[in-house]
Amino acid sequence: MKKWEDVKEQIKSLSDDEKQSIEMLADIVSQMIERRQEIGLSQRDLAEKCGVKQSAIARLETMRTIPQLDTLAKLLKPLGLRLTVIPDEDLAHQH
């Protein structure tokens, strides 16, 4: 088991792009969890609707795995969610 000091050192060693990617994925996953709970689905229920194992849902929700885009789309559908690409206003103002 990692100590928090190990985790902090690992985070410090990440590039800004890596930190941004993790933050984006964490945002998506937290919205998925919130929606799953909001509509009363357990991880098992969601797994059955998507045709994946419940353990895969658990790994995703605890950020122990990064899903492929097609898997993410498959998981979002029964939650009534979808991925949308929108302009990043912060980046747009840099050009």
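Residues numbered from 1 in each chain as written. Predicted model: local features only at pLDDT ≥ 70, side-chain atom pairs only at ≥ 80, totals over all residues. Heavy atoms only, no water.

**Student:** What exactly am I supposed to notice about the nonpolar core here?
**Tutor:** For soluble globular proteins, the rule of thumb is that nonpolar side chains tend to be buried together. Counting 14 residues, the largest nonpolar core has Val 29, Met 32, Leu 46, Ile 57, Leu 60, Leu 75 and Leu 79 as the members making the most contacts within it. Elements with a contribution of two residues or more to this core: helix H2 (16–38), helix H3 (43–50), helix H4 (54–61) and helix H5 (69–76). For this core, the element with the highest residue contribution is H2, accounting for four residues. Excluding residues within four positions of it along the chain, Leu 60 makes contact with Val 29, Met 32, Thr 65, Pro 67 and Leu 75. (Core = buried A, V, L, I, M, F, W, Y, C linked by side-chain atoms within 4.5 Å. Buried < 20%, exposed > 50% of the residue type's maximum accessible area, 1.4 Å probe, protein only. Helix = DSSP H or I, 4+ residues; strand = E, 2+ residues; numbered from the N terminus. Contact = heavy atoms within 4.5 Å.)

**Student:** Sorry, what's going on with H5 here?
**Tutor:** Within an α-helix, residues lying three or four positions from one another point in the same direction, as the helix has 3.6 residues per turn. Turning to H5, its buried residues number three or more, namely Leu 72, Leu 75 and Leu 76. Relative to the axis of H5, the buried residues are bounded by an arc of 95° and lie together on one face. (Arc of directions from axis to C-beta.)

**Student:** Looking at this structure, I do not really get the packing of H3 against H4. What am I missing?
**Tutor:** How two helices sit against one another is set out by the angle between their axes and by the gap between those axes. Axis separation between H3 and H4 bottoms out at 8 Å; the angle between their running directions is 115°. The crossing of H3 and H4 is right-handed. For the pair H3 and H4, contact is made by Gln 43, Arg 44, Leu 46 and Ala 47 and by Gln 54, Ile 57, Ala 58 and Glu 61, respectively. Here the contact of H3 with H4 is built from residues that sort into four nonpolar, two polar and two charged. (Axes fitted to C-alpha atoms, helices over the stretch in contact; angles between N-to-C directions. Left-handed = near helix turned anticlockwise from the far one by under 90°. Nonpolar A, V, L, I, M, F, W, Y, C, P; charged D, E, K, R; others polar.)

**Student:** Explain the pattern of salt bridges to me, please; I cannot follow it from the model alone.
**Tutor:** Where side chains of opposite charge bring their charged atoms close, a pairing between them can arise. Considering all chains together, one arrives at three salt bridges under this definition. Close ionic contact of Lys 12 with Glu 9 constitutes a salt bridge, the shortest N to O distance being 3.6 Å. Here Lys 12 pairs with Glu 9, and both are found in helix H1 (residues 4–12), just three residues apart, close to one helical turn. Glu 61 serves as the salt-bridge partner of Arg 36, at 2.8 Å between the closest nitrogen and oxygen. On the criterion of sequence distance, the pair formed by Arg 36 in helix H2 and Glu 61 in helix H4 is long-range, its members being 25 residues apart. For the residue pair Arg 36 and Glu 61, the accessibility class agrees, reading buried in each case. (Salt bridge = Lys/Arg side-chain N within 4 Å of Asp/Glu carboxyl O.)

**Student:** Could you clarify how one ought to interpret unusual backbone geometry in this entry?
**Tutor:** Backbone geometry follows two general trends: most residues other than glycine have a negative phi, and most peptide bonds adopt the trans configuration. Backbone geometry at Met 63 places phi at a positive 60°, although glycine is not the residue there. With respect to the helices, strands and loops of the structure, Met 63 is situated in the loop between H4 and H5.

**Student:** I keep staring at the confidence of the model for the chain and nothing clicks. Help me out?
**Tutor:** Parts of the model with low pLDDT should not have their predicted coordinates read in detail. The predicted model of the chain averages 88 in pLDDT, with 93% of residues at 70 or higher. Within the chain, helix H6 (residues 89–92) has the poorest average pLDDT of any element, 68, and H3 the best, 96. (pLDDT = per-residue confidence, 0-100.)

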